[in-house]
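Here is what each chain is made of, one letter per residue.
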Amino acid sequence: LWAVMHSPLQFFVSNPTGRILNRFARDQNQADEQLPVTLFAVLDISLLSCSAILLICIAFPYMVALLPPLGYAFIYLRRKFLRTS
């Protein structure tokens, strides 16, 4: 979108409106097709992770005390990794 909005006027003169709109429609269709699958995967993995943590805490009650430091370490390392990548 940014590239099209900042294109020179010659781009719009040489390309028909239908071709430009078709490109946006194709991108939007691709996003619409992938969104439900991705959201289902996120929900599935989130529920599996929460249930695994719950079962571990039930089996080993002392693990409840380790959850906050492990959660903090996870968030810290994730932010550090995302900044460097």
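Calculation notes
- Residues numbered from 1 in each chain as written.
- Predicted model: local features only at pLDDT ≥ 70, side-chain atom pairs only at ≥ 80, totals over all residues.
- Heavy atoms only, no water.
- Helix = DSSP H or I, 4+ residues; strand = E, 2+ residues; numbered from the N terminus.
- Rg over C-alpha atoms; globule rule 2.2 N^0.38 Å.
- Buried < 20%, exposed > 50% of the residue type's maximum accessible area, 1.4 Å probe, protein only.
- Lys, Arg positive; Asp, Glu negative; His and termini not counted.
- Charge placed at Lys NZ, Arg CZ, Asp CG, Glu CD.
- Expected span 1.5 Å × (residues − 1).
- Bend = angle between axes of the 7 residues up to and from the residue.
- pLDDT = per-residue confidence, 0-100.

To continue, consider the overall build of the protein. Tallying secondary structure elements over the protein gives four helices and zero strands in all. In sequence order, the secondary structure elements of the protein are arranged as α-α-α-α. In terms of overall dimensions, the protein is more spread out than a globule: its C-alpha atoms have a radius of gyration of 23 Å, far above the 12 Å expected for 85 residues. For the protein, the spread of C-alpha atoms along the three principal axes comes to 70 × 30 × 15 Å. Looking at the 85 residues of the protein, the share that counts as buried comes to 6%. The averaged location of the 4 negative side-chain charges in the protein is 16 Å from the averaged location of its 7 positive side-chain charges.

The next thing to look at is helix α3 (residues 17-59). Across its 43 residues, α3 extends 63 Å between first and last C-alpha, which sits within 8% of the 63 Å expected from 1.5 Å per residue. At Leu-35, α3 shows its maximal bend, which comes to roughly 30°, and the proline Pro-36 appears one to four places after that position.

Summing up the model confidence of the protein, the mean pLDDT is 89 and the portion of residues at 70 or higher is 99%. Mean pLDDT values over the elements of the protein span from 76, in helix α1 (residues 2-5), up to 93, in helix α4 (residues 63-84).

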